[in-house]
Amino acid sequence: MKKPVKSEEELGWKDIEVGCTVSDAGNAAQYRTGDWRSTRPVWDHTRCVKCGVCYIFCPDSAVRKNEEGYFEADLFYCKGCGICAQECITACIKMVEEAEE
Amino acid sequence: MESLNVYASRLVTKREHFAPGHRACQGCAEALAVRLVAKALGQNVVVASATGCMEIISTPFPFTNWRVPWIHVAFENAAAVATGAEGAYRALVRKGALPEKGTVFLGMGGDGGTSDIGLQALSGAFERGHRFIYVCYDNEAYMNTGVQRSSGTPFGASTTTSPAGKLKAGQVTWKKNMPEIAAAHGIPYVATACSSYPFDLMKKVEKAAKAGGPAYIHILSVCPTGWGLPSEKAIWIGRLAVETGVFPLYEVEQGRYRITVDVPAQRPVGDYLKPQGRFRHLTPEIVEQIQTRVTAEWEKLRAKTAL
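Residues numbered from 1 in each chain as written. Chains lettered and ligands numbered in written order. Predicted model: local features only at pLDDT ≥ 70, side-chain atom pairs only at ≥ 80, totals over all residues. Heavy atoms only, no water.

Draft legend 1. Here's a closer look at the overall build of chain A. Scanning chain A from terminus to terminus reveals two helices and four strands. Going residue by residue from the N terminus, the α and β elements of chain A occur as β-α-β-β-α-β. Over its C-alpha trace chain A gives a radius of gyration of 17 Å, far above what one expects of a compact globule, namely 13 Å for 101 residues. Projecting the C-alpha coordinates of chain A onto the three principal axes gives extents of approximately 55 × 30 × 20 Å. With 101 residues in all, chain A has 43% of them scored as buried. Partitioning the contacts of chain A with sequence separation of at least 6, the portion at a separation of at least 24 is 62%. Of the roughly 6000 Å² that chain A leaves accessible, carbon and sulfur atoms contribute 51%. Between the averaged position of the 13 positive side-chain charges in chain A and that of its 18 negative side-chain charges there is a distance of 4 Å. (Helix = DSSP H or I, 4+ residues; strand = E, 2+ residues; numbered from the N terminus. Rg over C-alpha atoms; globule rule 2.2 N^0.38 Å. Buried < 20%, exposed > 50% of the residue type's maximum accessible area, 1.4 Å probe, protein only. Contact = heavy atoms within 4.5 Å. Areas by Shrake-Rupley, 256 points an atom, 1.4 Å probe, with all protein chains shown as cover. Lys, Arg positive; Asp, Glu negative; His and termini not counted. Charge placed at Lys NZ, Arg CZ, Asp CG, Glu CD.)

Encoded structure:
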């Protein structure tokens, strides 16, 4: 990802490459899907065995390992589907309601 | 990789070739399947994708989720374009214009793009014997346009074009057996997989990449939106599909059948049908009819593995 992607309104014909190709591979990683979420996963580290089942089953690749080896959700991408909480072997993930800001 | 080990997830590569930030629905197991396939194939791959959910959600212009070369093609010719790219690559390698780097060519489409619209291009590609993989992400209807029936829709499922009502209980035909059609071409590798069994899926994709000829993988991808399920149940219902025998996981290597996830004691199909909104209207008689069919299909498959 080199340059930020322009929004549809800003995008002019000079910005479009020949054949409407997109040469900036994986630039959708700039796109926030976290604001779709109504519930958020929270890990209970006293019961987490760091197995990574939440990581392998996340459809949004939003579960990452932190420095301590625990897994946590990247809330920029997490859509709050709840698969991690459902599949967790020790049931240490809980879905918490997102509060109004 | 031991598929039963709880810690197996930690051995999987951390690199994501299918970037996050895609616009699939919450709990989309099809996006998960794409992510796992991309992980298994790595960086050295060229993808041709038919129209469908996975094209819509991963590449709304000017974004792309793919970190590998990716071509969008029409509904009917994903296999033709993948094999065309493969043919061009082999020709350039033969002439010395490109180094041989063992690039993998992947064609992909949904159940509509594979078993309805793209079938003749796919059949032709299998027959010509190109070294490529075709992956079908089967969510059992045309989901991206709002749940219309396809030939991959199972018997009894209610969709917007096969609605359940007083006269008919949803879809009136049985699901087209696409893996068997692929196997009938006599290609080196055919497999069925499900995103609820990620290590089994990735192992099959790696095998397909090394098959040395056309390979076909049929992945059951649960669609919580179209199937009438809460988003967190997507993995759970995929596992039930395998445990009830509705979607057996097997592979056909050089004509030899092998069941990869064996289910010695099958659960009744009702366990799989009941939680889903699209099967809500089914009467016990129809469930019994489906059970008979599932058992018969399973026996047929068992007989083939014994050969």
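Draft legend 2. The arrangement of the pattern of salt bridges in detail. Applying the stated criterion across every chain, the model contains 22 salt bridges over all chains. B:Glu251 is paired through a salt bridge with B:Arg258; the nearest N and O atoms lie 2.8 Å apart. (Salt bridge = Lys/Arg side-chain N within 4 Å of Asp/Glu carboxyl O.)

Draft legend 3. Up close: helix H9 (residues 234-243) of chain B. Residue and element names in this part refer to chain B. Counted residue by residue, H9 has seven buried out of 10 residues, so it is predominantly covered. When we look at burial in H9, the residues that qualify are Ala234, Ile235, Ile237, Gly238, Leu240, Ala241 and Val242. One or two residues past the end of H9 sits Gly245, with phi positive at roughly 85°.

Draft legend 4. Focus on the interface of chain B and chain A. Taken together, the contacts link 42 residues of chain B with 38 residues of chain A. Counting the surface lost from both chain B and chain A, the interface buries some 3400 Å², and carbon and sulfur atoms represent 61% of this. Between chain B and chain A we count one salt bridge in total. Across the pair A:Glu87 and B:Arg239 runs a salt bridge, and its minimum N-O distance is 2.7 Å. Along the contact surface separating chain B from chain A lie 20 residue pairs in polar contact (both at pLDDT 80 or more). If you tally residues by element for the side of chain B that touches chain A, the top one is helix H1 (residues 29-41) of chain B, at five residues. Taken together, the residues of the side of chain B that touches chain A break down into 21 nonpolar, 11 polar and 10 charged. (Buried area = accessible area lost by both parts, 1.4 Å probe. Polar contact = N/O pair within 3.5 Å; in protein donor to acceptor, adjacent residues only side chain to side chain. Nonpolar A, V, L, I, M, F, W, Y, C, P; charged D, E, K, R; others polar.)

Draft legend 5. Representation of the environment of B:Ser196 in the model. Within the secondary structure, B:Ser196 sits in the loop between strand E5 (189-194) and helix H7 (198-209). Measuring from C-alpha to C-alpha, the distance between B:Ser196 and B:Ser221 comes to 8.6 Å, with 25 residues separating the pair along the chain. Each residue touching B:Ser196, except ones within four places of it in the same chain, is listed here: A:Phe57, B:Ala234, B:Ile235, B:Gly238 and B:Arg239. A distance of 2.7 Å separates the side chain of B:Ser196 from the backbone oxygen of B:Ile235, its partner in a polar contact.

Draft legend 6. Quick look at unusual backbone geometry. Residues and elements named next belong to chain B. A cis amide bond, omega 5°, links Phe61 with the succeeding residue Pro62. Looking at where Pro62 falls in the secondary structure, it is placed in the loop between helix H2 (53-58) and strand E2 (70-72). The phi angle at Glu140 is positive, at roughly 65°, despite the residue not being glycine. When you line up the elements, Glu140 lands in the loop between strand E4 (133-138) and helix H6 (178-183). Positive phi values are uncommon outside glycine, yet Val147 reaches one of about 60°. Within the fold, Val147 resides in the loop between E4 and H6. Classification of Val147 by relative accessible area gives buried; the value is 17%.

Draft legend 7. Region of the structure containing the state of the cysteines. Per the stated rule, a full pass over the model turns up zero disulfides over all chains. Distance from the sulfur of A:Cys58, which forms no disulfide, to the nearest cysteine sulfur (A:Cys81) is 6.2 Å. (Disulfide = S-S within 2.5 Å.)

Draft legend 8. Highlighting a nonpolar patch on the surface. A surface patch of nonpolar side chains, amounting to about 320 Å² of accessible area, comprises A:Val49, A:Ile89, B:Val6 and B:Tyr7. Here A:Ile89 is to be found in the loop between helix H2 (83-87) and strand E4 (93-97). (Patch = residues over 30% accessible without salt bridge, like charges linked within 9 Å, V, L, I, M, F, W, Y side chains within 5 Å.)

Draft legend 9. Quick peek at helix H3 (residues 78-94) of chain B. Residue and element names in this part refer to chain B. With 17 residues, H3 extends 24 Å between its outermost C-alpha atoms, agreeing within 8% with the 24 Å of an ideal straight helix rising 1.5 Å per residue. Those residues of H3 that fall on the buried side of the exposure criterion are Ala78, Ala79, Ala82, Thr83, Glu86, Tyr89 and Arg90. For H3, the angular spread of buried residues about the axis comes to 120°, placing them on one side. Buried positions along H3 lie against strand E1 (45-49), strand E3 (104-110), helix H5 (119-128) and E4. Following H3 by one or two positions, Gly96 has its phi on the positive side, about 80°. (Expected span 1.5 Å × (residues − 1). Arc of directions from axis to C-beta.)

Draft legend 10. Fine view of the nonpolar core. Residue and element names in this part refer to chain B. By size, the foremost hydrophobic cluster in this structure holds 75 residues, and its most contacted members are Ile133, Ile219 and Trp227. Sort the elements by how many residues they give to this core and H1 lands first, with 10 residues. The residues touching Ile219, leaving out its near neighbours within four places in the chain, are Ala33, Val37, Val135, Cys136, Tyr137, Asp138, Ala193, Cys194, Ser195 and Leu201. Core analysis: the second largest hydrophobic core is formed by 27 residues, Val46, Phe105, Leu122 and Tyr216 among them. (Core = buried A, V, L, I, M, F, W, Y, C linked by side-chain atoms within 4.5 Å.)

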